[in-house]
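Observations on the three-dimensional arrangement
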Amino acid sequence: MGQENDLEKRLELKGLSRRDFMKFCGVVSATLGLSPSFAPKIAEALASPKRPPVVWLSFAECTGCTEALLRTTYPWIDELLLDTISLDYHEALMAAAGYSVEEALNACVGNNAGKFICVVDGAILTADNGIYGMIGGKTFLEIAKEICPKALANICIGTCASYGGVAAAKPNPTGAKGLTDAIGIKAVNIPGCPPNPINFVATIVNYLLFGKLPELDDKGRPLFAYGQLVHDQCPRRGHYEAGEMAKSFDSPEAAKGWCLADLGCKGPVTYNNCPLVKFNDGTSWPVQAGHPCIGCSEPDFWDKMSPFYKPI
């Protein structure tokens, strides 16, 4: 309780109330499919002094997944990284550079073998022994083979790390692959371009609460986030089931609320919780903004899902 009070004091300094914090814990609880009664336990877990070391490896990526995570609020990103987890290595967020950063990575892995969580961001380039992507004189492929097998668990954030993503689009000259395909290691996949940061936070909370990572589907995705089709959770689906789809409208306002399946929406074949948790603190999501789902959380989405939409 004392630890939770300390966290609340730090949040108050940021202008956040206990009500705000508990509301966030309720959102995480709902995301995990838990009852509201778990919210206090999640608050306690987030305030726990047990901080699993985390190494964040950046490979062939656009920094979009990191940018999405930076927009995590309640807790703010510094509370999440510094008080909930111990982010010992992340190139894009570390003030140091060069060999000092690589030394921090080696020290964390060496001192915490089998105890740290490895977050993989971006595809791994495998063609010609991986020479198309290198950091510190090592290829992405070499780094993945060296670091990932030593981790307690590997979490692939974003579709590129999970399945190759945009980098693996045809003709894929660099041989871009997701972590599992590249080195044959099991991982928790949190796909999306970018993924919703709440799903990453909820995965960490699941580990803090239960001492294990969440249950996964056959594509390595947490069932709490990717267990249902986007279409089945979409508020527009009623029109689709009634055979009433957006075929022609005189104005954007007239089209509001109609199913976008005939415009190329991939919601009927895409698994994600976007309609429920939305983005930017639950403000909106692509279909709510009027754009069809592009199926970005599915394997090979760039090739299999395109064209992403077709004209009316």
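The rules we used
- Residues numbered from 1 in each chain as written.
- Predicted model: local features only at pLDDT ≥ 70, side-chain atom pairs only at ≥ 80, totals over all residues.
- Heavy atoms only, no water.
- Helix = DSSP H or I, 4+ residues; strand = E, 2+ residues; numbered from the N terminus.
- Buried < 20%, exposed > 50% of the residue type's maximum accessible area, 1.4 Å probe, protein only.
- Contact = heavy atoms within 4.5 Å.
- Areas by Shrake-Rupley, 256 points an atom, 1.4 Å probe, with all protein chains shown as cover.
- Salt bridge = Lys/Arg side-chain N within 4 Å of Asp/Glu carboxyl O.
- Polar contact = N/O pair within 3.5 Å; in protein donor to acceptor, adjacent residues only side chain to side chain.

Further remarks concern the overall build of the chain. Helix and strand counts for the chain stand at 16 helices and 9 strands. Within the span of the chain, comprising 312 residues, buried residues form 49% of the whole. In the chain, the proportion of contacts linking residues at least 24 apart, taken out of those at least 6 apart, comes to 71%. Carbon and sulfur atoms make up 54% of the accessible area of the chain, which totals about 14,900 Å².

Applying the stated rule across the entire model yields 5 salt bridges. Two residues, Asp217 and Arg221, come together in a salt bridge whose shortest N-O distance is 2.8 Å. The pair Asp217 / Arg221 is uniform in exposure class, with both members buried. Between Lys304 and Asp300 there is a salt bridge whose closest N-O contact spans 3.8 Å. Three or more residues joined by partner-sharing salt bridges are found here, namely Asp217, Arg221 and Glu298.

This brings us to the environment of Asn272. Along the chain, Asn272 falls in the loop between helix H14 (252-255) and helix H15 (274-277). The class of Asn272 is buried, set by a relative accessible area of 5%. Excluding residues within four positions of it along the chain, Asn272 makes contact with Pro191, Asn199, Ala225, Tyr226, Gln228, Leu229, Val230, Gln233 and Ser297. There is a polar contact of 3.3 Å between the side chain of Asn272 and the side chain of Ser297.

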